[in-house]
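Observations on chain architecture
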Amino acid sequence: MLLKCFVVLALALGPSPQALKPSSPRVIRVSAERFAYTPSEITVEKGTVIEFHLTSEDTDHGFRIIGTEVDVQIPKRRRGETVVKYTADTAGRFIIECSRPCGAGHTAMRATLVVK
Ligand SMILES: [Cu+2]
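Note that this is a predicted model, so its numbers are computed, not measured.

**A look at the coordination of the copper ion**
- Within the protein, the atoms that donate to the copper ion are C98 (SG), R100 (O), C102 (SG) and H106 (ND1), at distances of 1.9 to 2.4 Å.
- Bound by four donor atoms, the copper ion shows angles of 85 to 122° at the metal and therefore tetrahedral coordination geometry.
- Here the donor residues for the copper ion map to a single chain with the spacing C-x1-R-x1-C-x3-H. With respect to class, C98 is no different from H106; both count as buried.

This is the structure:
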């Protein structure tokens, strides 16, 4: 239930289809598994509307892009995917971290979003 709220909120914050610069979101699939994300580095052009599709290969994980509003949970394997949109409107390197305790390597579970 809480997960659904996060996803609905995240989708509601995305741009409307009638936005001035119509561009279909770039779908990026990310798989989480103790204690890493695949891919571990994601590179997009500034301005890209990203639609993350997040799944887990094992237990529940989190997906937080530090410095942004994005912080969602990824359900455990075979429990579906989390979809969250993010407009990459700031250039830089953003650390993605697991925001849900998932075991011994949790604090090292990281990926990078590069916005050029
Ligand atoms: Cu974790």
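Still to come is the rest of the account.
**Regarding the nonpolar core**
- Counting residues in hydrophobic clusters, the biggest one holds 25 residues, and the most contacted among them are Y37, F52, F63, I65, Y86 and L113.
- Of all the secondary structure elements, the ones that give two or more residues to this core are β1 (26-33), β3 (41-44), β4 (49-56), β5 (61-65), β6 (71-74), β7 (82-87), β8 (92-97) and β9 (110-115).
- Beyond its immediate stretch of four places on either side in the chain, F52 contacts I28, V30, I42, F63, I65, T82, V83, V84 and Y86.

**Digging into the environment of G62**
- Residue position: G62 is located in strand β5.
- Taking C-alpha positions, G62 is 4.4 Å from S99, a pair spaced 37 residues apart along the chain.
- Apart from the residues within four sequence positions on either side, G62 is in contact with Y37, V72, Q73, I74, E97, C98, S99 and R100.

**A short note on the packing of aromatic side chains**
- By the definition in use, this model includes two aromatic pairs.
- Residues Y37 and F63 carry aromatic rings whose centres are separated by 5.9 Å and whose planes lie at 85° to one another, so their mutual orientation is edge-to-face. Residue Y37 is found in strand β2 (residues 36-38), and its partner F63 is found in strand β5; the two are separated by 26 residues along the sequence.
- For Y37, a relative accessible area of 2% corresponds to the buried category.

Analysis parameters
Residues numbered from 1 in each chain as written. Predicted model: local features only at pLDDT ≥ 70, side-chain atom pairs only at ≥ 80, totals over all residues. Heavy atoms only, no water. Donors = N, O, S within 2.8 Å, 3.2 Å for Na, K, Ca; no water. Tetrahedral: all angles 85-135°; square planar, octahedral: opposite > 155°, others 65-115°. Buried < 20%, exposed > 50% of the residue type's maximum accessible area, 1.4 Å probe, protein only. Core = buried A, V, L, I, M, F, W, Y, C linked by side-chain atoms within 4.5 Å. Helix = DSSP H or I, 4+ residues; strand = E, 2+ residues; numbered from the N terminus. Contact = heavy atoms within 4.5 Å. Phe/Tyr/Trp six-rings, centres within 6.5 Å; stacked < 30°, edge-to-face > 60°.

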